[in-house]
Amino acid sequence: MILVLVEKDLAGAAVEVSLETLTFARSLSDAGGGVPVDAVVVGDVSPALQSQLAAYGVRDVHALGGPGFAAFAGAAWASGLETVLAASRSVVVMAAGTPRGGEVLAHLAARSGVAMAANVVAFDGLAPFVVRRQVVGGQAVEEMQLSTRPTVFTVAGHAVEAAPAATPGPATLVEHAPEVAESDLVARVVSTEEPAPDLSGSLKSARVVVGAGRGAGSEGGFDDLLELADLLGAPLGVSRVVTSLGWRPHHEQVGQTGSRISPDLYIPCGISGAIQHWAGCSSAKAILAINTDPDAPMVTKATHAVIGDLHEVVPAINAEIRRRRAG
Amino acid sequence: MASVLVCVKRVPDSSSEIVLTDDGQAVDGRFAGFTMSQHEQCAVELAVQTASATGGEATVLTLGDADALEQVRAALAVGCTAATHVVADSQQLGPADVAREIAAVVRDHEAAGRPHDLVLLGHDAADTGDFQVGIRLAYELGRPVVNGVTRVTVEEVDGRPVVTASGDGPDGHETYRVPLPAVVTVLEGGVEPRYPTVPGRMKAKKIPVEERELAAAPAGPARVRWSLPPAAPSDVHVLGKGPEAAPAVVDLLEQLGVLAR
């Protein structure tokens, strides 16, 4: 049995990375002779979620409910997983490589005295079970042997494309309400501030996105880029370093830990193209990179490039667009 | 008064291109710059702030080879006042080994009359990216753990020290309130790590660093090898250099039909 912890969005649907993880679990199941894939969900399972999981080939949907799961606590969720693990006799436990997924599985691995592999992108063999996972911020790949049972690992975001199963599963609802030990509830969320409205929506659906990275140079270095974005009616997308430095808000971030975009044209300016960022923009149909370094990964992976400082190139492009529009 | 232990790791600077050793077991140090990860710089800042706000002490701990002393000194230069260095090749240790070694330090310090109420770590190591040392440490010590927060404060509630920690979760900004002793792992973004001053650096040089050996034989990481993803052949069409390329860029925008408005 393969058990997948499925996370929900605020509307109660499975998040994309959990669907990717279910897709990964199915490929593992196929390699292992068709062992069933079960899902674990904390809290309510709506009929919509149940049919979503059925489409991804899930056999049983284990719903964890009861007072111990009212607020997030990593240890409590792990104890719930232990209950389902014992009931379903699973040998593999997976989650998406999200903060929650990684946290809960690390608890489970620590409690079970087994290894955990984080951010797995592929598996190489079943006996021994060898996974490939991202290390050094995605710059290198580690082959890691997982020989303990249960086998516990998280799947990196965008490692596989989420795809429904050829044959849907029954997604039979199995409800569990296990007691949670007081010691597993000591570190739990005691209050949650409403999230800011999702401002990244336009980024995900935009036809054109103007990107900005470290090359912008400072918080005040975005004027020309914002003008280009305005001229093209495009939103601005930024790299992780830009939000880490506080130059631009987090909702503008493109990458593994930000939005995944798939525009007709992406124009990354002053972005070197770390794996982290590439994971969020590789679906763009065309990429026009503007960078001083002709060997930067963003340039070599792009369809088109201009070699130069964005602070010189972008104003020239803006002027050319204005000139042609005026003409 | 809170005594804080903050754990840091010497890691290759992954913002630049990396080269691996021939045996694929590590980043080749001859071609890399080394640093402390952003998460850990923030953890050090939070440790120093917490110690200062409560009249306590911030101790920095690292596990690494002799060169890792550089990161220990960096933490001392920004306000940590004591240091422990477990001298070992960190590449030979798995996350469970590291957690066990940190726990051994915490227990030995406690036995010597220096208990650490709060242990802070970075959320994940910038090189091995195991995402689990803090949580495993909590189970080793039998303490609660809060994972992946950006803000940490310690205060007395009904005469007992309590850590309030918060960070962004999937449902919004989440707050935890946990009695000490506890373990907390930190993500960058909540505080601005301070820069060391010249007097700070001078003072850091004079602080004695407790050197230790591994407390137990490590089980090791389950690593087979590291490799670099193959570089895909580039078929980029370079439109030009500098501002002179602007007309060619706008031609492309017209071709792609993204210029019309």
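Residues numbered from 1 in each chain as written. Chains lettered and ligands numbered in written order. Predicted model: local features only at pLDDT ≥ 70, side-chain atom pairs only at ≥ 80, totals over all residues. Heavy atoms only, no water.

1. Section: the overall build of chain A
Counting secondary structure elements, chain A contains 10 helices and 15 strands. The C-alpha atoms of chain A give 22 Å as radius of gyration, which agrees with the globular expectation for 327 residues (20 Å, within 12%). Judged by the C-alpha coordinates and their principal axes, chain A covers about 70 × 45 × 35 Å. Within chain A, the fraction of its 327 residues that count as buried is 55%. (Helix = DSSP H or I, 4+ residues; strand = E, 2+ residues; numbered from the N terminus. Rg over C-alpha atoms; globule rule 2.2 N^0.38 Å. Buried < 20%, exposed > 50% of the residue type's maximum accessible area, 1.4 Å probe, protein only.)

2. Focus on the environment of A:Val186
Along the polypeptide, A:Val186 turns up in the loop between strand 9 (172-176) and strand 10 (189-193). Assessed through its relative accessible area of 29%, A:Val186 is described here as partly exposed. Excluding residues that lie within four positions of it along the chain, A:Val186 makes contacts with B:Pro144, B:Arg177, B:Val178 and B:Pro179. (Contact = heavy atoms within 4.5 Å.)

3. Topic: helix 4 (residues 133-141) of chain B
Within helix 4 of chain B the residues assigned to the buried category are B:Gly134, B:Ile135, B:Arg136, B:Leu137, B:Ala138 and B:Leu141. Next to the buried residues of helix 4 of chain B lie helix 4 (99-112) and strand 5 (116-126) of chain A together with helix 3 (95-111), strand 6 (118-122), strand 7 (145-149) and strand 11 (182-186) of chain B. Immediately downstream of helix 4 of chain B, the backbone of B:Gly142 shows phi near 65°, a positive value.

4. So, the interface of chain A and chain B
The interface of chain A with chain B comprises 66 residues on the first partner and 64 residues on the second. Summed over both sides, the interface of chain A with chain B buries roughly 5500 Å², with 57% coming from carbon and sulfur. Three residues, A:Val136, A:Gln139 and A:Arg324, lead the burial of chain A against chain B; their summed loss comes to 11% of the area buried on that side. Across the chain A-chain B interface, the total number found is 7 salt bridges. With its nearest N and O atoms 3.2 Å apart, the salt bridge here joins B:Glu254 to A:Arg324. Inspection of the region where chain A meets chain B yields 30 residue pairs in polar contact (both at pLDDT 80 or more). (Buried area = accessible area lost by both parts, 1.4 Å probe. Salt bridge = Lys/Arg side-chain N within 4 Å of Asp/Glu carboxyl O. Polar contact = N/O pair within 3.5 Å; in protein donor to acceptor, adjacent residues only side chain to side chain.)

5. Considerations on the sheet that holds strand 8 (residues 151-157) of chain B
Reading across from one edge, 10(A)-10(B)-9(B)-8(B) is the order of the 4 strands in this open sheet, with antiparallel pairing throughout. The sheet is open, and its two borders are formed by strand 10 of chain A together with strand 8 of chain B, each paired with just one other strand. Strand-to-strand twist in this sheet, taken as the mean axis angle between neighbours without regard to direction, amounts to 25°. Pairing of strand 9 (residues 160-169) of chain B with strand 10 (residues 172-179) of chain B, which is carried by 8 bridges, proceeds in the antiparallel orientation. (Pairing = 2+ DSSP bridges. Axes fitted to C-alpha atoms, helices over the stretch in contact; angles between N-to-C directions.)

6. Observations regarding the pairing of strand 8 of chain B
Across 7 bridges, strand 8 of chain B lies against strand 9 of chain B in antiparallel orientation. Its bridge partner lying in strand 9 of chain B, B:Glu155 is registered against B:Val162.

7. A closer look at the domain arrangement of chain A
Residues and elements named next belong to chain A. Segmentation of chain A into domains returns domain 1 (2-184) and domain 2 (201-326). A separation of 34 Å is found between the C-alpha centroids of domain 1 and domain 2. Taken together, the contacts link 9 residues of domain 1 with 6 residues of domain 2. Summing both partners gives a buried area of about 560 Å² for domain 1 against domain 2, and 41% of it is carried by carbon and sulfur. When the area that domain 1 buries against domain 2 is broken down by residue, the three leading residues are Gln134, Gly138 and His158, summing to 63%. The tally of links from domain 1 across to domain 2 stands at 1 salt bridge. A salt bridge links Arg260 to Glu161, with the shortest nitrogen-to-oxygen separation between them at 4.0 Å. Across the contact surface, domain 1 and domain 2 share 0 residue pairs in polar contact (both at pLDDT 80 or more). (Domains from an automatic or database assignment.)

8. Description of the sheet that holds strand 11 of chain B
Residues and elements named next belong to chain B. With parallel pairing, 7 strands are arranged side by side in an open sheet as 7-11-6-1-4-5-12. The open sheet has two edge strands, strand 7 and strand 12 (209-212), and neither has a second partner. Taking the axes of each pair of neighbouring strands and ignoring which way they run, one obtains an average angle of 20° across the sheet. With 5 bridges connecting them, strand 6 and strand 11 associate as parallel partners.

9. Thoughts on the side chain of A:His107
Mapped onto the secondary structure, A:His107 falls in helix 4. Residues in contact with A:His107, not counting those within four places in the same chain, are A:Gly74, A:Ala75, A:Ala78, B:Ile135, B:Tyr139 and B:Val145.

10. A few points about the packing of aromatic side chains
Residues and elements named next belong to chain A. For the coordinates displayed, the defined rule picks out 6 aromatic pairs over all chains. Considering the side-chain rings of Phe24 and Phe153, the 5.8 Å spacing of their centres and the 65° angle between planes classify their relative orientation as edge-to-face. With Phe24 in helix 1 (residues 16-31) and Phe153 in strand 8 (residues 151-155), this pair connects stretches of sequence that are 129 residues apart. A relative accessible area of 0% places Phe153 in the buried class. Ring centres of Phe72 and Trp77 lie 4.9 Å apart, and the angle between their planes is 75°; on these two criteria the pair is classed as edge-to-face. Using a relative accessible area of 6% as the deciding quantity, one classes Phe72 as buried. Overall, the relative accessible area of 14% leaves Trp77 in the buried class. Clustering of aromatic rings is evident, with ring pairs tying together Phe24, Phe123, Phe129 and Phe153. One Lys or Arg, Arg248, reaches over the ring of Phe222 and ends 5.6 Å from the middle of that ring. (Phe/Tyr/Trp six-rings, centres within 6.5 Å; stacked < 30°, edge-to-face > 60°. Lys NZ or Arg CZ within 6 Å of the ring centre and 35° of its normal.)

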